[in-house]
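So the chains spell out like this:
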Amino acid sequence: MNFEAFLQNLSNGISLGSLYALIAIGYTMVYGILRLINFAHGDLVMLGSYVAFYGVAMFMLPWWLAFPLAILVTAGVGIVIERSAYKPLRDFPRINLFTAAVAVSFLLENLGIVIFGGRPKAFERPAFMDQMLNLGGVSIVSYTPIIIITALVLFGLLLLVIYRTKAGMAMRALSKDIEATGLMGVNTDKIIMFAFMLGSALAAAGGILWAIKFPQINPLMGVMPGLKAFIAAVLGGIGNVGGAMIGGFLLGIVEIMIVAFFPELSGYRDAFAYAILILLLLFRPTGIMGEVQAEKV
Amino acid sequence: MTPLLKMVNVTKRFGGLTAVNNFSTELQAGELCALIGPNGSGKTTIFNLITGIYVPSEGHIYLGGDDISGKRPDVITGMGIARTFQNIRLFKGLNVLENVIVGKHLRLQSNVASAVMRLPGYDREEKEMRQTGMELLESLGLARFAYDEPTSLPYGQQRKLEIARALATNPRLLLLDEPAAGMSPSDAEELMTFIQHVLKTFELTIFLIEHQMRVVMGICPRIIVIDHGEWIAEGNPEQIQNNDRVIEAYLGASDHA
């Protein structure tokens, strides 16, 4: 492989990784606060891309209006899910919450089939995202840097919220001890809702960017990115937002590079992600940034 | 004068177990009062009822005349009750100053949008928040730890930090759950002085659970004793030490036959 091809693959890996990272953050935030693997999270990726699709194709909205709108709608749906399916179960054993998450996931997927139809739809990229760029001999499509930059901006905003706002500080306190946080006068329900809102918004952004990169959407499209992002979250150390970003980028780059260096193995692409997960669980169960946590009593 | 805290016939049942039974008491503003009793007698349950972690099965709790029974913990904190925990529960991953600032959360106005956009109101409020947090740490002798991880502090200082975090919510009533637990006699001695200092400087009312009798007898003019969730005695240290029911509760029934 020559250097140009390597750079091309690298940019491809980074853009895929930034999508995994965007989605992984939602998993990790919810896990950090509620110790819940929100299996419905991947389906919000699907929802985000469909709302964006309909905004453009049906309501003829310009992309710069349709995309943020889709993010808002999905964030709203995330809040509704938390309120209706998770909040009433919060004081029950974790397995109930977990089962509810699986149920919500199936509900969203099948509602998607009923409402949007099972046939894949072609997602139309805005024209400026579809141009060939030539950067010093490396030719890439313009959506690649757009995805990466958008993701980085969103990461920056998220970190700003987590580390520089009172809601973010409450979120960090909440992830250590919900009860004590409530007793310090923080409305924990509101903060949990806020975390779901942020995670869902990022999932929707990930979904839209995913549809820009792979412009065919269907009601089950969220399953695979959801699983991969979950792996990325575990890889980075679940519960840790910075870890989810690192895990996402790492997984994306490794996946693309394996295919690039060993084209004959390209059929095993997904298997590599799972193999990484198994190895990680064997040798470093807490992930890259994860800390060993004492079991809560 | 309306008492600051008033509990009227409060009962808490967990299924068939009655943890607190028909408990009534009053605390006057400015008081330092202890709640003692053998292990499992329901002391922490009473604190959990006052702070809204549990809702009373029967009875009512009033803070300065307002009924707080059944209100959410954060609402009750907002009305002026703060507490510490038996096992220290500081927020790991947040530094000492941030731990205190979480307690100030309630008093803040600005929202996420203004923080992300760095509106001037937000900057001012953040500065104020950090400043008042620092002042609080200074007044309690914890300022030099401001940017340390809370778990890296010596045990006694962690106890103090928990009190500082509770004070950050501007309470009228401070509940201390075994503040001297696990402390050496000399540390406990220092803590007693510290609690008295806090009581005076912050014009508070303090209600504390404690097992170390030296602490209780040394600083609390009034002591309430419970056993099996029921009120059994109340009085000054001397009266409590000579009370038959208290001795019985702690040492077991003596054979009168």
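Since we're looking at a predicted model, the values are computed, not measured. (Residues numbered from 1 in each chain as written. Chains lettered and ligands numbered in written order. Predicted model: local features only at pLDDT ≥ 70, side-chain atom pairs only at ≥ 80, totals over all residues.)

1. A word on helix H5 (residues 143-164) of chain A
All names here are of chain A.
For step 1, the next point in the chain: Along its 22 residues, H5 runs 31 Å from first to last C-alpha, staying within 8% of the 32 Å computed at 1.5 Å per residue.
For step 2, the next point in the chain: Looking at H5, one finds that the buried residues are Tyr143, Thr144, Ile147, Thr150, Ala151, Leu154, Phe155 and Leu158. Along the axis of H5, the buried residues cluster in a sector spanning 140°; they form a single face. Turned more than 90 degrees from where H5 packs its buried face, Ile149, Val153, Gly156 and Tyr163 sit exposed.
For step 3, the next point in the chain: The inward-facing, buried residues of H5 abut helix H1 (3-34), strand E3 (138-141), helix H8 (188-213) and helix H10 (241-261). (Helix = DSSP H or I, 4+ residues; strand = E, 2+ residues; numbered from the N terminus. Expected span 1.5 Å × (residues − 1). Buried ≥ 20, exposed ≤ 12 C-beta atoms within 10 Å, placed from the backbone. Arc of directions from axis to C-beta. Contact = placed C-beta atoms within 7 Å.)

2. Some thoughts on the interface of chain A and chain B
For step 1, the next point in the chain: Residue-level contacts link 23 residues of chain A with 25 residues of chain B.
For step 2, the next point in the chain: Every element with two or more residues in the side of chain A that touches chain B is listed here: H5, helix H6 (166-176) and helix H7 (178-183) of chain A.
For step 3, the next point in the chain: The element that contributes the greatest number of residues to the side of chain A that touches chain B is H6 of chain A, accounting for 7 residues.
For step 4, the next point in the chain: In the side of chain A that touches chain B, the residues fall into 11 nonpolar, 6 polar and 6 charged. (Nonpolar A, V, L, I, M, F, W, Y, C, P; charged D, E, K, R; others polar.)

3. Things to note about helix H1 (residues 43-50) of chain B
For step 1, the next point in the chain: Counting buried residues in H1 of chain B gives 7 out of 8 residues, a clear majority hidden from the surface.
For step 2, the next point in the chain: Immediately downstream of H1 of chain B, the backbone of glycine 52 of chain B shows phi near 90°, a positive value.

4. Re the environment of leucine 235 of chain A
Residue and element names in this part refer to chain A.
For step 1, the next point in the chain: One can find leucine 235 in helix H9 (residues 223-236).
For step 2, the next point in the chain: A residue is classified by how many C-beta atoms lie within 10 Å of it, and leucine 235, with 28 of them, is buried.
For step 3, the next point in the chain: Along the primary structure leucine 235 and glycine 248 are separated by 13 residues, whereas in three dimensions their C-alpha atoms are 8.1 Å apart.
For step 4, the next point in the chain: In this structure, leucine 235 is in contact with Gly247, Leu250, Leu251, Ile276, Leu280, Gly287 and Ile288, ignoring residues within four places of it in sequence.

5. Side note on the sheet that holds strand E6 (residues 81-83) of chain B
All names here are of chain B.
For step 1, the next point in the chain: Across the sheet, 6 strands lie side by side as E6-E7-E8-E3-E9-E10; this open sheet has mixed pairing. Each edge of the open sheet is held by one strand with a lone partner, namely E6 and strand E10 (230-235). Each strand axis lies, on average, 20° off the axis of its neighbour in the sheet, ignoring direction. (Pairing = 2+ DSSP bridges. Axes fitted to C-alpha atoms, helices over the stretch in contact; angles between N-to-C directions.)

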